[in-house]
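Below, each chain spelled out in residue letters.
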Amino acid sequence: MSSSEVAQEVFGWSKLQSALFFGRGDVSPPPPQRLQHLRRPKAHRMSATCRFLRPYLFRSIRRTVKPDHAKAYLAFQRRFASKDSAKAVPANTTNDFAKRVKQLEDAGELDSYYPLNPRLSNIRTAQQIHEEFQALANDEVSRDTTVTVFGRVLSRRASGSKLVFIDLEDRGHSVQGLCNFGELDKHGVARDEFRRFSKVARKGDIYSITGHPTRTTAGEISILTTELPRPLAPSLHQIPDAVENPEILARRPHVDFLVHRRRAAILRIRSAIISTMRKYFEENNFLEVSTPIITAGAGGASATPFETRAQEFPDEPLTLRIAPELFLKRMVIGTGERIYELGTVFRNEGIDATHNPEFSMCEFYEPYATLPQLIARTESLFSTLSATISSLYDDASISPLLRILTPPAPLPPAPYPQLPFIPTITAAIGRPLPLLHAPDAHDNLLSLFADLDLALPTDPTLPRLLDELASQYIEPQCTGPTFITQHPEAISPLAKSFTCPSTGQRIAQRVELFIAGREYVNAYEEENSPWEQRRKLRQQLEMRVQGQERDVGAAVDENYIEALEWGLPPTGGWGAGVDRLVMLFTGAQRIADVQPFGSLRNVVGLGKGRPE
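Going by an unreviewed UniProt entry, the protein chain carries the name Lysyl-tRNA synthetase and comes from Phyllosticta capitalensis.

Next up, the structure:
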């Protein structure tokens, strides 16, 4: 039997092929027509040299296969299945791994390309080279100075057989290395070594160059090398010019960063936003704290939590926090300090342009702060962020990568306009809202939606119906920075509330900051009465039942109520999504673009292992 016939018999069943390759045991016996050759005369059966392959066709005897037979089988499998499996490999991969490894092996030992970290006293960054030797004239060489620069090869260009240009990049800055064999020859570099370097070095490799700072005839600050550039870590894959395949972007985030420099630029803006916020809070006498991520109850917001277990407490259901709010207020009770936290929260809900189940949030709590003071602090912080990020864009020398981004327009000066929740909706629909704290409020709102011919939201609880009205009639008016104020008590269970004298509605001491129709800040005066807080949390649970929302451990948090019994000072609380702030100041349209490893879809893809 020929090798092609063996391949057809052994590898022709796609289900069997994938099951054997990936190690699964759910393999059905081959169809009868495929076993006909086993009933033929011996002369027409599989040759004796290939009989060792038969055990792989039946799960019951897989354990009897010899290791050397298994190795041979997998070699056959890879060889003859290559045409089929190649279709599953993303089209944008360069598939030059084997060729590149052989090239490096032919040039020397592979281990030599991964030396120990160099320990030198003359190391400079590419940025430092440009700053320190800016005064050099054209064609001037600073021969009394020797420097070493590390970086990734951006490009390699040859001019004849004795001159190679190699551009290294480090954190957005680049510097050119002039590798002139005439100069290197004076320092003992052999011609064969120069040729080998010229052939092996390529875009994507990590190299060091050592030599004298100079400025070329064209005016470019460069390094005239006195040593052969040293490889520190070669790239075994060719860096493509562009990647559009979502599979590659999801499962190779490092390639996404290498190819799409916008990702690296956004990362710098993100870092600047976080450091600016920390500096702002520090200057205003806030303490940064950390609170638990794994919790025994998901309080502080209305969202579906992720559930987990701990080996130490196998019978105790745990969740990932959906907000740090209740922990932070406990700290205010215990310390009386102004506190804040920058951290990650988790909500087991959908993924879209502005939502991801895992995201970063900043919350602060300030004892004795009133709602007008929270508004003023919000305006102050956003003005500070806008000025800081604008200065980064203006001074691109800090990071040339920022030139890739289009700077957004600076935020307008404060104060920002305010829109009261209930009066704004009333004006838009031409009728008053029903009394929202009445027993029949939910039914009346459903009737209102029918009269206005509005589609009902999923799980149409009273809070979700009110949120839908806000999205229809208030948020579109928030083109510039705008505060939505006077929210109904029903959608603000953790905020102080009172009866509005003009509308007779129960409203909360709460504001939300919207910009271009998107929410950025949620702030309110905290409810500190244990009796009122219990009433509002019970009301929240009742409204969940109205909409048949899935109840995940729903119960009044009596532990938090007990904490309030010790005395929470009148406190102003504030929260903002960090990822949305990065979107605001970079012009990104998707939250996945401002999170270093993308959305949860990307993270799940990354966890599947090697793409091929």
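**Q** Summarise unusual backbone geometry; cite the residues concerned and give the values.
**A** Note the cis peptide between Ala414 and Pro415, where omega equals 5°. With respect to the element layout, Pro415 can be found in the loop between helix H12 (371-394) and strand S14 (418-420). One non-glycine residue with positive phi stands out, namely Asp139, at about 70°. Looking at the secondary structure, you find Asp139 in the loop between helix H5 (126-132) and strand S2 (147-158).

**Q** If you had to explain the pairing of strand S20 (residues 571-577) to someone new, which residues and values would you point to?
**A** Most of S20 sits inside the fold, with seven of its seven residues counted as buried. Across the two faces of S20 the burial is the same, with Thr571, Gly573, Gly575 and Gly577 and Gly572, Trp574 and Ala576 all buried. Note that strand S13 (residues 358-367) and S20 share seven bridges and pair antiparallel. Its bridge partner being in S20, Tyr365 is matched across the sheet by Gly573. Note: strand S19 (residues 518-525) against S20, five bridges, orientation antiparallel. Of the residues in S20, the one forming a bridge with Ala523 is Trp574.

**Q** Before we move on, can you summarise the packing of aromatic side chains with the specific residues and values?
**A** In total, this model carries 11 aromatic pairs according to the counting rule given. Considering the side-chain rings of Phe197 and Tyr207, the 6.1 Å spacing of their centres and the 70° angle between planes classify their relative orientation as edge-to-face. Remark: Tyr207 occurs in strand S5 (residues 206-215) and Phe197 occurs in helix H7 (residues 191-200); sequence separation between them is 10 residues. One exposure class covers both Phe197 and Tyr207, and it is buried. Ring pairing ties together the aromatic residues Tyr280, Phe281, Phe286, Tyr340, Phe364 and Trp574, which thus form one cluster. Its end group placed over the ring of Phe181, Arg191 keeps NZ or CZ at 5.1 Å from the ring centre. The lysine or arginine in question, Arg330, covers the ring of Phe327, its NZ or CZ lying 5.8 Å from the ring centre.

**Q** Pulling in residues and values, what's your account of the pattern of salt bridges?
**A** This model, assessed by the stated rule, comprises 29 salt bridges. We note a salt bridge from Glu527 to Lys496, for which the minimum N-O separation is 3.8 Å. Of this pair, Glu527 sits in the loop between S19 and helix H16 (530-546) while Lys496 sits in the loop between strand S15 (482-485) and strand S16 (497-499), placing them 31 residues apart in sequence. Among the charged side chains, a network of salt bridges with common partners joins Glu489, Arg506, Glu532 and Arg535.

**Q** I'd love a proper account of the pairing of S15, names of residues and values included.
**A** The side chains of a regular strand alternate between both faces of the sheet. Of the two faces of S15, the one holding Thr482 and Ile484 and the one holding Phe483 and Thr485 are both buried throughout. In this sheet, S15 lies alongside S14 in parallel orientation, the contact comprising three bridges. Each bridged residue has a counterpart across the sheet, and for Gln418 the counterpart in S15 is Phe483. With four bridges connecting them, S15 and strand S18 (residues 510-515) associate as antiparallel partners. Each bridged residue has a counterpart across the sheet, and for Ile484 the counterpart in S18 is Glu512.

**Q** Give me the sheet that holds strand S10 (residues 307-310): which residues, what numbers.
**A** Pairing between the strands of a sheet is mediated by backbone hydrogen bonds and can be parallel or antiparallel. Pairing within the open sheet is antiparallel, and its three strands lie in the order S9-S11-S10. The open sheet has two edge strands, strand S9 (294-295) and S10, and neither has a second partner. One ladder, built from three bridges, connects S10 with strand S11 (residues 313-320); its direction is antiparallel. Counterpart to Ala310 in the pairing with S11 is Phe313.

What counts and what doesn't
- Residues numbered from 1 in each chain as written.
- Predicted model: local features only at pLDDT ≥ 70, side-chain atom pairs only at ≥ 80, totals over all residues.
- Heavy atoms only, no water.
- Helix = DSSP H or I, 4+ residues; strand = E, 2+ residues; numbered from the N terminus.
- Buried < 20%, exposed > 50% of the residue type's maximum accessible area, 1.4 Å probe, protein only.
- Pairing = 2+ DSSP bridges.
- Phe/Tyr/Trp six-rings, centres within 6.5 Å; stacked < 30°, edge-to-face > 60°.
- Lys NZ or Arg CZ within 6 Å of the ring centre and 35° of its normal.
- Salt bridge = Lys/Arg side-chain N within 4 Å of Asp/Glu carboxyl O.

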